[in-house]
Amino acid sequence: GWILSKMDLAGGIVAFKRAGGPVVTAGISDMDFIQPVLFGDIASLYVHIEKVGRTSITTLVELEVERQGEREPLQMARGRFTYVAIDQQARPRPVDLAV
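Throughout what follows, the structure given in this document is the object of discussion.

Thresholds applied
- Residues numbered from 1 in each chain as written.
- Predicted model: local features only at pLDDT ≥ 70, side-chain atom pairs only at ≥ 80, totals over all residues.
- Heavy atoms only, no water.
- Helix = DSSP H or I, 4+ residues; strand = E, 2+ residues; numbered from the N terminus.
- Buried < 20%, exposed > 50% of the residue type's maximum accessible area, 1.4 Å probe, protein only.
- Contact = heavy atoms within 4.5 Å.
- Pairing = 2+ DSSP bridges.
- Axes fitted to C-alpha atoms, helices over the stretch in contact; angles between N-to-C directions.
- Salt bridge = Lys/Arg side-chain N within 4 Å of Asp/Glu carboxyl O.

### Re the side chain of Thr55
Then step 1. With respect to the helices, strands and loops of the structure, Thr55 is situated in the loop between strand E2 (42–52) and strand E3 (56–66).
Then step 2. Take Thr55: its relative accessible area is 16%, and that puts it in the buried class.
Then step 3. The contacts of Thr55, once residues within four sequence positions are left out, are Tyr83, Val84, Ala85, Pro92, Arg93, Pro94 and Val95.

Here's what the structure looks like:
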């Protein structure tokens with residue numbers, strides 16, 4: 001659960017910036033845990049915006065680690081996270097499509 005929560009947080013930060021304000025997690029799909037993260041691994045999260053809808057933003061979040069003894073980073077997990085932009089009353093609001 002810890003890795004999933006960090007991936008959600010990373011995706012939420014990118015969605016917040018793109019939406020220009022608060023977002024909530026609406027769903028997670030295509031979540032794959034490829035390998036376990038080990039003690040001593042140095043983790044990096046990468047977030048790519050895949051789709052911007054009227055009120056939603058879908059991101060692909062990937063977790064890679066640097067592991068002692070490995071030459072290249074190893075992909076540990078990846079998933080698609082969808083966020084909905086909300087207003088002050090927690091209702092969906094439009095995302096500026098021009099940005």
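### Observations regarding the sheet that holds strand E4 (residues 74–85)
Then step 1. Strand order in the open sheet made by the four strands is E1-E4-E3-E2, with antiparallel pairing throughout. With one partner strand each, in any of the chains shown, strand E1 (23–33) and E2 form the two edges of the open sheet. Pairs of neighbouring strands in the sheet enclose a mean axial angle of 25°, with direction left out of account.
Then step 2. Here E2 runs beside E3; their pairing, made up of 10 bridges, is antiparallel. Directly across from Val52, in E3, lies its bridge partner Ile57.

### Concerning unusual backbone geometry
Then step 1. Even without a glycine there, the phi angle at Asp30 is positive, about 50°.
Then step 2. With respect to the secondary-structure elements, Asp30 resides in strand E1.
Then step 3. Overall, the relative accessible area of 48% leaves Asp30 in the partly exposed class.
Then step 4. Even without a glycine there, the phi angle at Ala90 is positive, about 65°.
Then step 5. Inspection of the secondary structure puts Ala90 in the segment after E4.

### Thoughts on the pairing of E4
Then step 1. Pairing of E1 with E4 involves eight bridges; the strand directions are antiparallel. Across the sheet, Val23 pairs through a bridge with Ala85, a residue of E4.
Then step 2. Bridging between E3 and E4 involves 10 bridges; their strand directions are antiparallel. Within E4, the position partnered with Glu62 by the bridge is Arg78.

### As for the pattern of salt bridges
Then step 1. For the structure shown, the criterion picks out five salt bridges.
Then step 2. When the shortest N-O distance is used, the salt bridge between Arg80 and Asp30 registers 3.2 Å. Note that Arg80 is positioned in strand E4 and Asp30 in strand E1, a separation of 50 residues in sequence.
Then step 3. On the accessibility criterion, Arg80 (27% relative accessible area) is partly exposed.
Then step 4. It is possible to trace a salt-bridge network through shared partners that takes in Asp30, Glu50 and Arg80.

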